[in-house]
Amino acid sequence: MEKPNEQRPSTKIQWHPAFCAAAELELRFNKDDLEFKREYNLSKKPLQMDLLIIEKRKGVQIQNEIGKIFRGHNIIEYKSPDDGMTIDDFFKTLGYAFLYKGLGEKVNQIPLRELTVSLFRASAPKELLNQISKEGYIIEKQSSGIYYVNGLSVPTQIVVTNELNSQNHESLKVLSKSAQTDDIQRFTELASAFTEPGDKEKADAVLQVSVAANRKNYDKVRRTSDMCEALRELMKEEIEEELKKNHEQGIEQGRINQLIDLVMQNLLPIETAAQCAKMTLDEFKVAMKKNEEK
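Report on the accompanying structure. The structure displayed is predicted, hence computed values, not measured ones. (Residues numbered from 1 in each chain as written. Predicted model: local features only at pLDDT ≥ 70, side-chain atom pairs only at ≥ 80, totals over all residues. Heavy atoms only, no water.)

## Some thoughts on the overall build of the chain
If you tally the helices and strands in the chain, you get 11 helices and 7 strands. Here the chain holds 294 residues, and the buried ones make up 46% of them. At a minimum sequence separation of 6, the contacts of the chain that also span at least 24 residues come to 58%. As presented, the chain carries roughly 16500 Å² of accessible surface, and 47% of it is formed by carbon and sulfur atoms. (Helix = DSSP H or I, 4+ residues; strand = E, 2+ residues; numbered from the N terminus. Buried < 20%, exposed > 50% of the residue type's maximum accessible area, 1.4 Å probe, protein only. Contact = heavy atoms within 4.5 Å. Areas by Shrake-Rupley, 256 points an atom, 1.4 Å probe, with all protein chains shown as cover.)

## Here we look at the pairing of strand E3 (residues 73-79)
When you tally the buried positions in E3, you get 7 out of 7 residues, the bulk of the element. Because side chains alternate across E3, one face comprises the buried residues His73, Ile75, Glu77 and Lys79, and the other comprises Asn74, Ile76 and Tyr78, equally buried. Taken together, the 5 bridges between strand E2 (residues 51-56) and E3 define a ladder with antiparallel strand orientation. Directly across from Leu52, in E3, lies its bridge partner Ile76. When E3 meets strand E4 (residues 115-121), the two strands line up parallel, connected through 7 bridges. Counterpart to His73 in the pairing with E4 is Leu115. (Pairing = 2+ DSSP bridges.)

## Overview of unusual backbone geometry
Phi is mostly negative for residues that are not glycine, and the peptide bonds are mostly trans. One non-glycine residue, Asn108, adopts positive backbone phi at about 55°. With respect to the helices, strands and loops of the structure, Asn108 is situated in the loop between helix H2 (87-101) and E4. If you check the backbone angles, Lys278 has positive phi at about 60° while not being a glycine. Topologically, Lys278 is positioned in the loop between helix H10 (270-276) and helix H11 (281-293).

## So, the pattern of salt bridges
Taken as a whole, this structure holds 8 salt bridges when the rule is applied. Residue Lys31 pairs with Glu196 through a salt bridge whose shortest N-O separation is 2.5 Å. In this pair, Lys31 is assigned in the loop between helix H1 (15-26) and strand E1 (34-38) and Glu196 in the loop between helix H5 (181-193) and helix H6 (197-213), connecting sequence segments 165 residues apart. According to the relative accessible area criterion, Lys31 is partly exposed, its value standing at 33%. Residue classification places Glu196 among the partly exposed positions, given a relative accessible area of 40%. With a shortest N-O distance of 3.6 Å, Asp89 and Lys79 are connected by a salt bridge. Within this pair, whereas Asp89 is found in helix H2, its partner Lys79 is found in strand E3, the two being separated by 10 residues in sequence. Its relative accessible area of 15% is what places Lys79 among the buried residues. Salt bridges sharing partners connect three or more residues here, namely Lys31, Glu196 and Asp199. (Salt bridge = Lys/Arg side-chain N within 4 Å of Asp/Glu carboxyl O.)

## Focus on the packing of H1 against H6
What describes two packed helices is the angle between their axes and the distance between those same axes. Viewed as axis vectors pointing N to C, H1 and H6 meet at an angle of 135°, and their least axial separation amounts to 8 Å. The orientation of H1 with respect to H6, classified from their angle, is oblique. At the point where H1 passes H6, the crossing takes the left-handed sense. Residues Trp15, Ala18, Ala21, Ala22, Glu24 and Leu25 of H1 form the contact with H6, whose participating residues are Asp199, Lys202, Ala203, Ala205, Val206, Val209 and Ala213. Partitioned by chemical class, the residues of the contact of H1 with H6 number 10 nonpolar, no polar and 3 charged. (Axes fitted to C-alpha atoms, helices over the stretch in contact; angles between N-to-C directions. Parallel < 35°, antiparallel > 145°, perpendicular 65-115°, else oblique. Left-handed = near helix turned anticlockwise from the far one by under 90°. Nonpolar A, V, L, I, M, F, W, Y, C, P; charged D, E, K, R; others polar.)

## Structural notes on the nonpolar core
By size, the foremost hydrophobic cluster in this structure holds 43 residues, and its most contacted members are Phe19, Ile54, Phe120, Leu175, Phe187 and Val206. Going through the elements one at a time, H1, E1, E2, E3, strand E6 (146-150), H5, H6 and helix H7 (215-224) are the ones with two or more residues in this core. It is H1 that provides the largest number of residues to this core, a total of 8 residues. Dropping the residues within four chain positions of it, Phe187 is found in contact with Leu25, Glu170, Ser171, Val174, Ala203, Val206 and Leu207. (Core = buried A, V, L, I, M, F, W, Y, C linked by side-chain atoms within 4.5 Å.)

## Some remarks on H11
For H11, which comprises 13 residues, the first-to-last C-alpha distance of 19 Å matches the rise-based estimate of 18 Å (1.5 Å per residue) to within 8%. Among all positions of H11, only Phe284, Ala287 and Met288 are buried. Seen end-on, H11 carries its buried residues on one side only, within an arc spanning 100°. Looking at H11, the residues exposed on the side facing more than 90 degrees away from the buried face are Asp282, Lys289, Lys290 and Glu293. (Expected span 1.5 Å × (residues − 1). Arc of directions from axis to C-beta.)

As structure tokens, this is what we get:
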């Protein structure tokens, strides 16, 4: 697996596979009731959507509030933090849903009442929400970060992941360019508790992208808390480099302390000691003062 620190500066972060992994983690309590189909082909000819299709068993209630709207066939569109979400994207996704319905092997194999559409983005697409309202559709805030669009022939929701409550949405909260340290901490703790191999692999996919997009905040978390194995592995090189640097700094500080002792015992001129420490005379005097204050 390619670690984020191994990526070249020009490498584009692959958000969509990480989103698919995050979505499966979000809905993991119903994983036996759902079938996830990534990048679904809409026809035998190349017409591939960068969408996630989730099929749900009848009569099943999804525990996660994002899945409350779900029916038999659920079309999921995800826009990365680098992409916008326009009114054209909105209706294009609805169009994909209708096209998906028309691909059944027999007439009306996928009833319209069994379709839903969900669009995900990290930050709120304010212009899109305004334009939807101007078209006469009603935007209903179902809960924090979840907006239903009423008046369409297919139940539709827009999910703003940055606005979601942190509890039960840890996987999506860190899939952002502005992941908060508290959310990072929660997700790493959640990931460390996973026991099933499939969940650990999905958490690793989310972490890989999240770390690449939020390097500084992950550095803060790893310095202030215990890390899960997946995060520790992703940041292995940085940790080893920091340990090496601290070791070298410790050796250097020890050498400076020895020079200070020699000066204090009048065994070495302060000018010579500063030169040996590769410091200016003023810098060495400051070091001596700090040493005396300890």
